[in-house]
Each structure stands twice: as C-alpha cells, then as structure tokens.
Amino acid sequence: MDKILEAVMMSSYPNNVKQGLVRRIIEAIKQPMDSEQCWSMLELSTKLYLMGDTKFKREIGKEVLEVYGHYHPEEFEEFFNVRFLLSLLQEGYGPAGKRSLYVLDYIHLGLQFVLESPSASDIFSLLRIEVLRKVCERPGPKQCAKISKLLSQHPQCVPTGKHQILFCQQLIRCIGQFQCISEEEDDIMAFLDHVNKVSGLLQKIWRAQTSSILPSLKEVFSIISSTEEQEAPSNALASVVQYVPLELMDGVIRNLTNDDSITDVQMMTAISRMIDWVSWPLGKNIDKWIIALLKGLAAVKKFSILIEVTLLKIEKVFSKLLYPIVREGALSVLLYMLLSFQHSHEAFHLLLPHIPRLVASLNKEDSNSATSCLEQLAELIHSMFFRFSGFPDLYEPVMEAIKALPIPNEDRIKHLLGQNAWTSQKNELACFYPRLASKSDTGKIGLINLGNTCYMNSIIQALFMASDFRHSVLNLTESNSQPLMTKLQWLFAFLEHSQRPAISPEGFLSASWPPWFSPGAQQDCSEYLKYLLDRSKAIDPLQIPPSCRLHEEEKTGKRIYQKLKESNLMPQAEERHYLNKTLIEKMFGGKMMTKIRCLKCLNVSSREEAFTDLSLAFPPSNRHVHRQSHAAVLPVEEIGPQIIEPPIKPQSQVTESPRRQRKHPVSGEPPIQLLPIETVGFQEAEGQETPFILRSDRDHVSLEAVKDPLLSFGEQTGGSEDSRSVPDLINYFLSPEVLTSENKYHCEKCASLQDAEKVAELTEGPHYLVLTLLRFSFDLRTMKRKKILDNVSIPLVLKLPVLVASEDSGEVRQNRNDRAASCNGFVSMVYDLCSVVVHSGVSSESGHYYCYARDCTSTDASSQPRDGAQKSTSDKQLDFEIQWYLFNDTRVSFSSFESVSNVTSFFPKDTAYVLFYRQRPCKQSWAVREAVSDAVRLHGELSPNKDLMEAISKDNILYLQEQEKEARNRAAYISTLPKSPLWWRDFDRDKDDEGSSGGCGPAAGGGGSGSFHGLVF
C-alpha cells in the first residue's frame, strides 16, 4: 500500500486526480492491516508530512496519519514512541542542512492519538524537558508559537517546579530576540500573531502558577536594562508585560526604584526601551507601566534620568499619535512626559515643528479616535503656552493649526499643570553612561596582549582548554622549587575564577620568556610552546625529591598504583614507566622509534626518542606520499567535515620519489612494516566505512572517494584537489626515506657509507597529541622565512598507528600473510580535535595568532568500559553542537566547528598552524587513562590552594571597585561639560518620519492603521 501511495504522490497527475486516488487508498487503509504494512505507511506519511515540498503533500501526509491514529491506534502508538520523538526533537528529520520545519506540528498532530495510551506519561515527561531545551536554543517567533500552541492545548507538557520558572525566563529571552525584517503587511500580521500566541502561553502559566510572575518580570528587566547587547531587545517584550496583573505594579516599581544594585545607566536603558514599547500594537496597560516607572523615578529624585530620557524619546512618542492602533497609549505617555517636565521649555519646543503636520493629519482622519486625540492635544498645548510664555514667533504656526479646537479655561490648565509636576534644578548630563567592560557571555576570560604576545596568549588558551592538563596543574601544591609551574597554576586559576573580562599574563611571560626572543617582536608560537614544555618538564614537581611532592595528585597516583598492583592488572614494567613520568610527559609525551636499515647488509639499527610534539613538513608540490600494497595498513579515521576542503578526491597514481624511493629487501630479512595514515570520512550507522575505499594496484595504493550524502557539509567548504590533509602530512612524516648520495648512512657493520632506508614509527602515543604544521620555510633567494599557504584539511577525529610491544611478535611475523597479523603489533589510537592555533599573515615575523578551542571531555576514560573496549565511532554522535570558542587576546566569543572549517576559505592568509588532539582511552594505555580519569574526578571536587583563592577573591573585589570608580569619574566628567545640541533629534526617527521634515505629515505614514512596520520596529 505504501508503494502505491508513493507512486501516486510522485506521479505527474494533477492534484485533483491524485486526491481521488488517495481517497481510495485511505478507504482501504481503514480496514484491518498487518503491523508491518501499518509501519511502512506510517513512515511514508511521516516523510510526506515532514519533508513534503508542497502543501498538498503535507496535507496528504497529515490525512493518512490521522486515519491511522483513528483506525490503527495500537500500531500508531507503537510507532509514535518516546525514542522516536526524542530523535525528532534533538536531531531533526531529513538530511543535514534541510531539516524539517514541521517537527513540532507533527508531534502536536500525533499527540492527540496517544493521550490515553500507557506511554502518554513518558511522552509528557519527555516534552517537558525538550520544550525547555528548545527555548534555550532561542528559536524564532514561528517555532516559539508552535511550542506555545502545543503547550496551550496540552498543559501536561508544560515544565513544572523550578523548570517552569526557567522555561518562562527562557521564553522571555526568546521574545526579546524576535525580529520581523519584512515590511509586508501580511508578514507583519503573522509575526504579531506568533508573538501573541507566545505571550498568551505565559499568561496561562502565570494564572496557574502565580509564583512564576515575579521571576519572569525580573528576566524582562534584566533584558531591557542590559547595556551589553549590541542590538536592542525586541519591542515584542511589551506583549509580556501587558499580562502582568496591575495589582503587582506598585510593589514591583517600588522595589525597582529603591534597588541600589541597579545602576543609573541600567535604569536609563530600561526606561528608554520601555518607552519604545508604545510602538507595539494591541498591547494593553503598557502606558500604565511606563508612567508608573517614570513616577517611581521621580519619587526617588532620579531627575537626571528623567530629563535625559524625556529629551531623547519625546519626539518618538509624539510621532506614534499618527497610528490609531497605538494612539491611546502614546498619548497617555506623552501627556505625562510633558506635564511633568515643567522646569524647562526644552521638551515642549522639540515638538513645535511637528504639531501642525500632526493636527492636519488627524483632521483628515475624521474618526472618534482622532477627534479625542485633538481635544486632549489642544489642552496640552495651551497648558504649555501658559507655562512657557514669551515665544510668540515659535508659537504662531502652532496657534494657527489649533485655532479651531476648544480652548481650556485657566482652572483646567492649572489643574493639568498641578497634577504631575516634579521640580529639579537642571542637571546637564549625557544621555547615556559609557558601557563598562564585562566578562564575556561565554564565561571564558581573555588575555591582554602585552605587545605582540598573541603567540603566547594563543598557546596558553590552548593549554588551558586541555582540560586534563588544566585540572592537574590546578591541583598541584604550590612550591618555591617550581616557579614556572606555580606561575602557570596561578594563571590557570585566574582564567578559571576571575571576574575580569581579561587578565594580564605578564608574570608568566617573564618567567617563560625564551632568552633569544626579542621584546616587542612577533614570535613563532610553536617555538614558544616547545620551549615552554621543555622548561615545565625540567621543573615538574615529580622531579623534586619525594619529601617535597606529597600533594593530592601524588596521593591519587599512589592509591591507584597500589590498587592496580594488588589486582595484578598492570605489569611491573608499566608501573615503573608510569610512575617515573613527569606531568608534562604524562600529558604531552610520546615516543618514536627511528629505524635505519643498510641496503647492503640489511642490518637494522634503531633508536627510541621522546617527543612532546610532531613537526609535520609539507611534501614537495610534485611529491605524493605513496603506499605499497604489501605494507600494513591501519587507517586514520576522520569523522565529520574537514577544514578548508571537501572530502579527498580520487587520486591518480604517481611515480615514486627518487629521494624516498622504497626498495625491496635483498635477503630474507623482513621489510620494515609501515602504517600509512588513511582518511576515511564518516561511517554508516552499522559501522561500515564507506566514503573511501583502499585499492591496490601493483606497488601503489590510491584513495577513491565514495559519494556519500553525509559529506555534503564538507563539500561546501571549498578547496582544491591539490589541498592536503593532516593525514597526508603524517603519512609523509612516517614514510620511508632513502639515504643516498650526500646523505649516505655510515653502517657500523659494513664500516662504510652505504645507501640506507630510514623510517619512523610511533611507539607510544601521547595523551595530548600536538601537531605543528611546518608552514615557515627559509627562502635562499630572499634570505627570509616565507609561509606555505597550502590548504590543509583537518579531521575532527583521527586514528594514529602506534607500535605496541607484543610477546607474540614472532607469531605475527610467521603469519604476516594474514591481513590482521600484518599490522605487526600496531594499534590505532583515536584522537579528538581540541584546539587549533591559527596564524594570520604571510611570514613568521609578522601577523597575528588566535586560537579555536573546545572542552574535549566527552570521551573521558571514565565513560569507557573497564576492559578497555572502545565504543564504535558509529555509536558516538558526530556532535557538532559541542561548543567551540574563539580566543583572540582579550576577546573571547562563541564559535563553531563550521567557523573553524571555513577560516582559510574566507581568509586565505589565516591558516591552521598548531593542532591539539586528545587521545581517547585504549586498552594498551588503560593504566594511564584510569589514573588521569581518577585525577580528573578528584580535581573536579577541589579548588586551588587557599592562598591562591584568596588572591583571586581580592582581585575580583578590586575589579568591582575599579568599575565603580570608573563609572563615577566618567559621570563626574560628563556633568561638567556644557549642554550639547540635541543632534540626535534629526536621526532618531521611525521610517514613518521620512515623509517630511517634521515626520508627522500624511506622507509620513498616511495616518492610517495599515502602516505597521514603523510601529513594531
């Protein structure tokens, strides 16, 4: 049946013909059907409803779903289950980039058929959580309206308790960001309808739970009083306030105006934005709240705020008298503002040029609303003439305009003037206070650039975001024997706990400054990192005698060591190896085996070396890393989109490089087994690696890209076919090198220089893998270092082959014809991308460094099974919502992997330079991972030492005092300035003011109710 319906919908028949065929199908599906057929039809109708590209398809999908809900309730309930709904709400429906916009409508549709089912309570519990999560994501007005419609009809889905208060607050946050950029009347009316639905939900919640009203109002005030927002909050917030009971008004206003924690600038910002709410159509009681707050400020003698706000906003309020839909509220606010502003004629005189045009427009309107407005306006104008006489030339045009209107008697005028006047000596004050710097919304702290020290700032932020390393450093016990590590601990602690938006790393810079660096000059961040890790390793606390290193980390290590020793889970050699490591070695240390084989006698010499980073050179432009078909292959997997370029294109076969040409052994000595790094892209849900297929052809191995719809994201990032990837550079690093000609190797066995083959193998993977892309090379012609600007794609997740010592290595060699055995003790260690330090510029001596980073803790050892078994990458969600941050000296902002991916596409001189990857747990490193995991859990419960926390607390207090002093000094400075002209009065106008110089003529908006855009926005 589903195939028939699908064929009908895909046919080219007219819709009326299709409708007739669908009717027959619907009559058929009302009959009893087997479960499998029901499920297929439900899947198809769900697809039509959620992904249908026409309204007709969505309506057919809806109709079929409703039939199944009525006639096959058991099958519908089984299909419409909690797991399916959770997937819809969290992951959406449809391909990436084309998610369905009708998920909430779909859930709303299906919910009516499961209200009495046993799973209803579980579905309600899920929706209570998910609607809260949804509003925290700040959806637009249309989606919020759908949520409100769902919750209004199904109040069982409304969050309860503290979550209900949080839901109201977050929903208000969403309303504060509502915008309608269209000027079409239909779009604006739809926008207003969405807002009314959302605010109507708040009204229902407040009626049912009055305790949520005050927290909601606090959130509204927090939004409108914020001076940090780059854009003013939406006037749609007026729709929220209109539902607040008026009996709460006096108490709320009294608390606000007497709250010493609210600064003048916050109050001025809040009342200014509230006055803008007179533009909101259909709002009730908005004018009452505005006037109440103005009266409250007058009661506590905040005259400076009242003066500046009145002068700033009175023209805008006056212009709203053109619109009948908001006229009543605007007139009430205008009356209070003018009648209370009696110490000066300044406010009234601002309106004089506009009055004749407004009067003419209202006379033409000829409505009861216009007539009433004219009468009240005439009373107001004559009262102002009475109060501020002596300006006949200015008043003559106005008198001519209102000559036909009734003139109030003197008693009436005195009554009006005596109602709301507040007296104050004129206080010359700027209309707004300066904005004070505050901590980033990200919660992260920046670092002050001390003069071309962005290279250091970027490295410090990358190290700080390496969470395991950060926890270990913060948990160290302060000691005078470790000055650099102590300074790093202090710096990390301030980055963690300071209230400042940015701190100065001056102390750490002086302690970690390489002696050959020139002060004030740009430096190489990779060079600084190498020096820093070497210095830190040299003064690591574990190098200190045992009597000086009995801190929590050592105690934790000893407890774990004793536990592992008793359970016989850790070999003695690994015990000694682990306990002798320094903190830097534990976190960043790896080992690499370099083997050189003489091509004459086939003698192999080897040397193992420690490293804290791998420096990856770029192959020559005509050089491609080749692979032999008999080489052991353990691919490095990449999960997610790549930086800069789309997935790897099919590569053509290339000839082998003469410099690194690989030769077959002459004798029976086994060849050196290599593990080329492969990039394989996404995996299917079943764990099958599909995007790339490894093929062998003679002595060459090429990568063939397989078209996969999941890779569409990567294809959008651009890049050329010549672009390289990090796996390519690692392949080049690990590929064999033939030592010949001038580079011949001195073989001890042959006692002479011989051609040889050199290869590097990783024997121990670091916890944090640091990769430096060697982009700077020395140009012999210009005698300067130049930068390689080649595109390099960077995988979000990769696997690195590491050679592990095995007691069965002999058996492996004997069975090297076997595919698995050919790996000869190699294992793949999985690494997640944590940080990317980007260099912007064309040379190492200039430019700028900044850092992308994220908290890469989702693959913590504690989340892995005790037996060390890895979770399949298909089980691990490709979570692109993991928050990335951009650290650019003092500025810290939210970012995304998309931004990381596209940085070089948009800015060719901005290239990834230093990469930090974090290793996921693996069986071979279980002891180390368990120790790190235990230490991290312990560190999470502890704070830095007492002295350090006291220093941070004192600095936080000092910072608040500095802010307060700066605000007072700025206010005092501004108050001494002469009054500046009201330059903003010719600029702060609505769109409806553009028709004439005064902005109130018929051409400015026609005086009708149809011109909504100038009102709402």
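Right above here is the structure, for reference.
Residues numbered from 1 in each chain as written. Predicted model: local features only at pLDDT ≥ 70, side-chain atom pairs only at ≥ 80, totals over all residues. Heavy atoms only, no water.

*Asks:* Looking at this model, I keep getting lost on the nonpolar core. Mind explaining?
*Replies:* Note that soluble globular proteins tend to have their nonpolar side chains buried in a common cluster. Ranked by internal contacts, the top residues of the largest apolar core, which has 152 residues, are Leu-5, Phe-167 and Leu-334. Beyond its immediate chain neighbours, meaning those up to four positions away, Leu-334 contacts Ile-314, Val-317, Phe-318, Leu-321, Leu-351 and Leu-380. (Core = buried A, V, L, I, M, F, W, Y, C linked by side-chain atoms within 4.5 Å. Buried < 20%, exposed > 50% of the residue type's maximum accessible area, 1.4 Å probe, protein only. Contact = heavy atoms within 4.5 Å.)

*Asks:* Help me out: how do you make sense of the packing of helix H6 (residues 82-91) against helix H7 (residues 103-111) in this one?
*Replies:* What describes two packed helices is the angle between their axes and the distance between those same axes. Interaxial distance between H6 and H7 falls to 10 Å at its minimum, and their mutual angle equals 155 degrees. Compared by their axis directions, H6 and H7 come out roughly antiparallel. Where H6 crosses over H7, the handedness of that crossing is left-handed. Each of Phe-84, Leu-85, Leu-88 and Leu-89 in H6 lies in contact with H7, whose residues at this interface are Val-103, Leu-104, Tyr-106 and Ile-107. (Axes fitted to C-alpha atoms, helices over the stretch in contact; angles between N-to-C directions. Helix = DSSP H or I, 4+ residues; strand = E, 2+ residues; numbered from the N terminus. Parallel < 35°, antiparallel > 145°, perpendicular 65-115°, else oblique. Left-handed = near helix turned anticlockwise from the far one by under 90°.)

*Asks:* Looking at this structure, how should I read the pairing of strand E13 (residues 768-773)?
*Replies:* A regular strand places its side chains on the two faces of the sheet in alternate fashion. Extensive coverage of E13 is indicated by the burial of 6 of its 6 residues. Residues Tyr-768, Val-770 and Thr-772 point to one face of E13 and Leu-769, Leu-771 and Leu-773 to the other, with burial holding for every one of them. As paired elements, strand E5 (residues 614-616) and E13 share 3 bridges and run parallel to each other. Each residue of the ladder has a partner; that of Leu-616, found in E13, is Leu-773. Note that E13 and strand E22 (residues 910-919) share 5 bridges and pair antiparallel. Bridging from a neighbouring strand, Tyr-768 pairs with Arg-918 of E22. (Pairing = 2+ DSSP bridges.)

*Asks:* Would you explain unusual backbone geometry in this entry?
*Replies:* Most peptide bonds take the trans configuration, and most residues that are not glycine carry a negative phi. We note that Asp-366 has phi near 55 degrees; this positive angle belongs to a residue other than glycine. Assignment of secondary structure puts Asp-366 in the loop between helix H20 (355-365) and helix H21 (368-387). Of the residues examined, Asp-366 reaches a relative accessible area of 67% and is grouped as exposed. Its identity as a non-glycine residue notwithstanding, Ala-751 has a phi of 55 degrees, on the positive side. Its place among the elements puts Ala-751 in the loop between strand E10 (745-747) and strand E11 (752-754). Residue classification places Ala-751 among the exposed positions, given a relative accessible area of 57%.

*Asks:* What exactly am I supposed to notice about helix H15 (residues 264-276) here?
*Replies:* Compared with an ideal rise of 1.5 Å per residue, which puts 13 residues at 18 Å, H15 spans 18 Å between its outermost C-alpha atoms and is within 8% of the ideal. With 11 of 13 residues buried, H15 is to be regarded as a mostly interior element. All of the buried residues along H15 are Val-265, Met-267, Met-268, Thr-269, Ala-270, Ile-271, Ser-272, Arg-273, Met-274, Ile-275 and Asp-276. As for H15, its buried residues are in contact with helix H12 (213-224), helix H14 (249-257), helix H16 (286-299), helix H17 (303-319) and helix H18 (324-340). (Expected span 1.5 Å × (residues − 1).)

*Asks:* Looking at this structure, I do not really get the sheet that holds strand E12 (residues 756-764). What am I missing?
*Replies:* Paired through their backbone hydrogen bonds, the strands of a sheet run either parallel or antiparallel. Read across the open sheet, the 4 strands follow the order E4-E3-E12-E9; overall the sheet is antiparallel. In the strand order of this sheet, the two ends are held by strand E4 (604-611) and strand E9 (737-739), each with one partner. Taken pair by pair, the neighbouring strands of this sheet meet at an average axis angle of 30 degrees, ignoring direction. Note: E9 against E12, 3 bridges, orientation antiparallel. Paired with Val-738 across the two strands is Glu-757, which belongs to E12.

By themselves, these observations are geometric and do not establish any function.
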